[in-house]
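# Topology and contacts: notes
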Amino acid sequence: MWIIKTKHKRDEDGGTVALELETDDKRLDVNVRWDGCTEIHVYSVTEENRELKDTFHTCDLKGFIDTLQTLDNVCQDYFGEGSYWERKKDEEE
């Protein structure tokens with residue numbers, strides 16, 4: 001799903017300090033640093049073009065993911081059966 005476009009290395013020891021990644025469908029690209037700071041670009045992709053729709057910047061990617069997961073849980077509880085948010089059978093167990 002993720003394609004690494006560029007690896008940024010430290011001069012001193014050659015360690016990776018940042019990655020530039022893109023999804024194979026080109027709907028997301030991400031610049032992520034070793035310290036957790038991340039910039040996420042969301043695109044609309046059509047046959048004609050690829051247009052930037054939104055950008056998220058966070059220095060706590062794990063916290064951002066956790067928050068989105070709790071949002072998903074609230075939506076699943078609130079909207080439930082028959083909605084986009086409906087839990088799949090394997091998620092309920």
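The following paragraphs examine the structure supplied in this document. Please read these numbers as outputs of a predicted model, since none were measured by experiment.

What follows deals with the state of the cysteines. Applying the stated criterion to the full structure yields 1 disulfide. Here Cys37 connects covalently by a disulfide to Cys59, the sulfurs 2.0 Å from one another. Taking the torsion about the S-S bond as the criterion, the Cys37 to Cys59 disulfide, at about 105 degrees, is right-handed. With Cys37 in the loop between β3 (28-33) and β4 (38-45) and Cys59 in the loop between β5 (50-58) and α1 (61-79), the pair connects residues that are 22 residues apart, well separated along the chain.

To continue, consider unusual backbone geometry. Only a minority of non-glycine residues have a phi that is not negative, and only a minority of peptide bonds are not trans. Although it is not a glycine, Lys26 adopts a positive phi angle of roughly 65 degrees. Assignment of secondary structure puts Lys26 in the loop between β2 (16-23) and β3. Owing to a relative accessible area of 39%, Lys26 belongs among the partly exposed residues under this scheme.

Among the structural elements, Ile4 can be located in strand β1 (residues 2-9). Ile4 sits in the partly exposed class, given a relative accessible area of 45%. With 26 residues separating them along the chain, Ile4 and Val30 place their C-alpha atoms 9.6 Å apart. Not counting chain neighbours up to four residues away, the residues in contact with Ile4 comprise Leu19, Glu20 and Leu21.

Calculation criteria
Per chain, the residues get numbers from 1 upward, laid out in the order the sequence is written. Residues qualify for local features only when their pLDDT is at least 70, as the model is predicted, and side-chain atom pairs are given and counted only at 80 or more; totals for whole chains, interfaces and linings, by contrast, use all residues. The basis for the side-chain values is all heavy atoms of the structure; hydrogens and waters are excluded. Disulfides are defined in this document as cysteine sulfur pairs within 2.5 Å. Only runs of H or I of at least four residues qualify as helices and only runs of E of at least two qualify as strands under DSSP, and these elements are numbered from the N terminus. The buried label applies to any residue whose accessible area, calculated with a 1.4 Å probe on protein chains only, is under 20% of its type's maximum; exposed applies above 50%, and partly exposed to all values in between. Note on contacts: a residue pair is in contact if any heavy atoms of the two residues lie within 4.5 Å.

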